[in-house]
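A structural walkthrough
Here's the letter readout for the chains.
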Amino acid sequence: MRSSQFFISTQKEAPADAELISHQLMVRAGLIKRLGSGLYSWMPLGLRVLRKVEAIVRDEMNKAGALELLMPAVQPRELWEETGRWAVFGPQMLKIQDRHEREFCFGPTHEEVITDIARKEINSYKQLPLNFYQIQTKFRDEIRPRFGVMRAREFLMKDAYSFHASHESLENTYQLMHQAYSNIFTRLGLKFRAVKADSGAIGGDGSQEFHVLADSGEDGLAYCEQSDYAANVELAEAIAVGERVAAKETMQEVDTPKQTACEDVAKLLEIGVERTVKAIALMAAEQFYLVLLRGDHHLNEVKLTKVAGLSDFRFATEEEIRGHLNCPPGFIGPVGVAENVKVIADGTVALMSDFVCGANKPKLHLTGVNFGRDLAEPMIVADVRNVVEGDASPDGKGKLSLCRGVEVGHIFQLGSKYSQAMNATYLDEEGKSQVMEMGCYGIGVSRIVGAAIEQGNDDKGIIFPLSMAPFSVVICPIGFHKSDAVKDAAHQLYQDLLQAGVDVLLDDRAERPGVMFAESDLMGIPHRIVVGERGLTEGQVEYKARQQTEAQNVNLTEVKNYILSQLN
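Summarised in this report is the structure supplied together with it.

Quick notes on the rules
Residues numbered from 1 in each chain as written. Predicted model: local features only at pLDDT ≥ 70, side-chain atom pairs only at ≥ 80, totals over all residues. Heavy atoms only, no water. Phe/Tyr/Trp six-rings, centres within 6.5 Å; stacked < 30°, edge-to-face > 60°. Helix = DSSP H or I, 4+ residues; strand = E, 2+ residues; numbered from the N terminus. Buried < 20%, exposed > 50% of the residue type's maximum accessible area, 1.4 Å probe, protein only. Pairing = 2+ DSSP bridges. Core = buried A, V, L, I, M, F, W, Y, C linked by side-chain atoms within 4.5 Å. Contact = heavy atoms within 4.5 Å. Axes fitted to C-alpha atoms, helices over the stretch in contact; angles between N-to-C directions. Parallel < 35°, antiparallel > 145°, perpendicular 65-115°, else oblique. Nonpolar A, V, L, I, M, F, W, Y, C, P; charged D, E, K, R; others polar. Lys, Arg positive; Asp, Glu negative; His and termini not counted. Salt bridge = Lys/Arg side-chain N within 4 Å of Asp/Glu carboxyl O. Polar contact = N/O pair within 3.5 Å; in protein donor to acceptor, adjacent residues only side chain to side chain. Arc of directions from axis to C-beta.

What about the packing of aromatic side chains?
Under the criterion given, the structure shown has eleven aromatic pairs. Taking the centre distance of 6.4 Å and the plane angle of 85° together, the rings of Y181 and F185 count as edge-to-face. With Y181 and F185 both in helix α6 (residues 167-187) and four residues apart, this pair spans about one turn of that helix. For Y181, a relative accessible area of 0% puts it in the buried group. A residue is classified by how much of its surface remains accessible, and F185, at 0% relative accessible area, is buried. Connected via pairs of aromatic rings, a cluster forms that spans Y181, F185, F192 and F210.

Written out as structure tokens, the structure is:
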């Protein structure tokens, strides 16, 4: 491709609303242009990147035996009513009406549509297993679209759905998809981790997320360097280690006139914050709860919803707290509470002794508090906190480390959630009707581009892996329109690389060298060749890889093979 025949629309400044570096660089490099809130046009340069990602995704899905189809983006309400998700999916769903006032949605996902296909087309166990996939635009009405393509309302997604006659068959395909996803992200040149995850609104029994590792990632990940354990912080099990030691202190009240946070109480008492316990007041089904966490730990709301009776919990209001404890927030605790207050202790708290907590009296806390002596043992002991660096790994093989990641893929074992609701059945070997088992496998194709930039960038711009870069090589001729020697050499090298199958860009514009270099670095092109009169007199051109600090001279007669060796 010649720059004069291409469309390059780089910008010096990033838009004011661009928070993430990927958003800033994608706009500055001319990969995307904003149309509206969470809506972006993929410009020619960006589309080249997107299509390369899509091609690798498609190739690995095909190799794994999945069959590509394409389903409508607009879906009738009736299908979603069958699964009960028309109301449950919530305001993320963009609902529309046609001229006859029939209701539809712009598909945020396609479980209902593919299950409708399966129940109409699959009759016998002999047709199973089957795995269908598509690469298609989705729409989710994000409450606050931000971060460019990372949290856009319209996005490109690969979603696959498998159908099975047994759970064993589902597990086999699930492992195939896990391997296919690992192959995809490896071929894309990304550092990633597959982690255990919560199934969320999609549902099902088991699921794993694939995260591109990046310090700016929205998701916290926990992993063990001594084993293959890895999980989203939402799901990572916090192991309570040790045994409760015998009480050594007597419980007593202490004045804490302004101290409501555990950190401030610990500072006043000159103790470690890990000796304090905070009480969090909740309501669920008209029941008042106190959840106890160690002062330096944080509540994990996903885990809390899995505790019996708390699937729909909410935080108690100040009025409810005063009504049940006769005390303002900031000084509440588990000692002396009424019998109708249910106390849930995190596993770490259940092992504590001589701890500090609120006294259920304004401006007072208690020290030297012990279970069994000063208050009853907790009604419920459960893991309801986020893991922290250094926690014991749940597999018993080491300690946990934490990092951040950008979720780019998610695989689910759906089981019969959708097939049962929509009566997707088949006849088994004995002619009996059975409900199909299902799997679901998604990849955010457009999100991968943003995630790759979050992982690879510097002060000059984007650092794309070779497999994703819009062009593999850029040729920058100095004085292209002034020197026939430069023009001829650059053109010949361009043709040689094209014939060798290299994705090469010839910058044949009348631009200064600094502009050409800056733009190619901004766009993330991995390899640069500079052709100039001075070098040509010595039979040489200048080569520089995107992340190298210094350029090097290469003989003109050898540059083609040298570039091919670098690309391989």
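The rest of the description comes next.
Focus: the pairing of strand β31 (residues 552-555)
As paired strands, strand β30 (residues 540-545) and β31 are joined by four bridges and run antiparallel to one another. Bridging from a neighbouring strand, V541 pairs with V554 of β31. Between β30 and β31, which pair antiparallel and follow one another directly, the connecting turn spans six residues.

Re the nonpolar core
With 62 residues, the main nonpolar core has L31 and F185 as its most contacted residues. Excluding residues within four positions of it along the chain, L31 makes contact with M26, S41, W42, M43, L45, G46, V49, V449, I453, I462 and F464. In terms of nonpolar packing, the next biggest core, distinct from the first, is built from 27 residues, L292, A316, I332 and L366 among them.

Examining unusual backbone geometry
In most cases, non-glycine residues show a negative phi, while peptide bonds are predominantly trans. Across the junction of L128 and P129, the peptide omega takes the value 0°, indicating a cis bond. Checked against the element boundaries, P129 lands in the loop between α5 (111-121) and β7 (130-139). Non-glycine residue F147 carries a positive phi angle of around 65°. For F147, the position within the fold is in the loop between β7 and β8 (154-164). Judged by its relative accessible area of 10%, F147 is buried.

Considerations on the sheet that holds strand β28 (residues 504-506)
Spatially, β28-β27-β29-β30-β31 is the arrangement adopted by the five strands of the open sheet, whose pairing is mixed. The open sheet has two edge strands, β28 and β31, and neither has a second partner. Direction aside, neighbouring strands of the sheet carry axes that sit 30° apart on average.

Things to note about the pairing of strand β27 (residues 473-477)
Counted residue by residue, β27 has five buried out of five residues, so it is predominantly covered. Where β27 lies against β28, three bridges are found, and the strand directions are parallel. Across the sheet, residue V473 finds its bridge partner in β28, namely V504. As paired strands, β27 and strand β29 (residues 527-531) are joined by five bridges and run parallel to one another. Opposite C476, over in β29, you have V530 as the bridge partner.

Let's talk about the packing of helix α1 (residues 21-28) against helix α12 (residues 445-455)
Across the interface, α1 lies against α12 with an axial gap of 8 Å and an inter-helix angle of 105°. Taken together, the axis directions place α1 and α12 in an arrangement best described as roughly perpendicular. Touching I21, S22, L25 and M26 of α1 are V449, G450, I453 and E454, all from α12. Of the residues in the contact of α1 with α12, the class split is five nonpolar, two polar and one charged.

Notes on the sheet that holds strand β16 (residues 314-315)
The strand order β16-β14-β15-β17-β20 describes an open sheet built from five strands, whose pairing is mixed. At either margin of the open sheet sits one strand with a lone partner, and together these are β16 and β20 (380-382). Pairing analysis gives two bridges linking strand β14 (residues 277-284) to β16, with the strands arranged antiparallel. Bridge pairing in β16 links L282 to F315. Strand contacts of helix α9 (residues 318-325): β14, β15 (287-294) and β16, with the helix running at about 95° to β15, the strand carrying the most contacts.

Looking at the side chain of K544
With respect to the helices and strands, K544 occurs in strand β30. For K544, which is buried and forms no salt bridge, the nearest opposite charge comes from D521, at a distance of 5.0 Å. Within the structure, the side chain of K544 is placed 2.7 Å from the backbone oxygen of Q548, a separation counted as a polar contact. Each residue touching K544, except ones within four places of it in the same chain, is listed here: K460, P526, H527, R528, T549, E550 and A551.

Focus: helix α7 (residues 262-269)
For α7, the set of buried residues is C262, V265 and A266. Down the axis, α7 shows its buried residues gathered within 100° of arc, on one side only. Contacts from the buried residues of α7 go to β14, β18 (355-358) and β19 (364-369).

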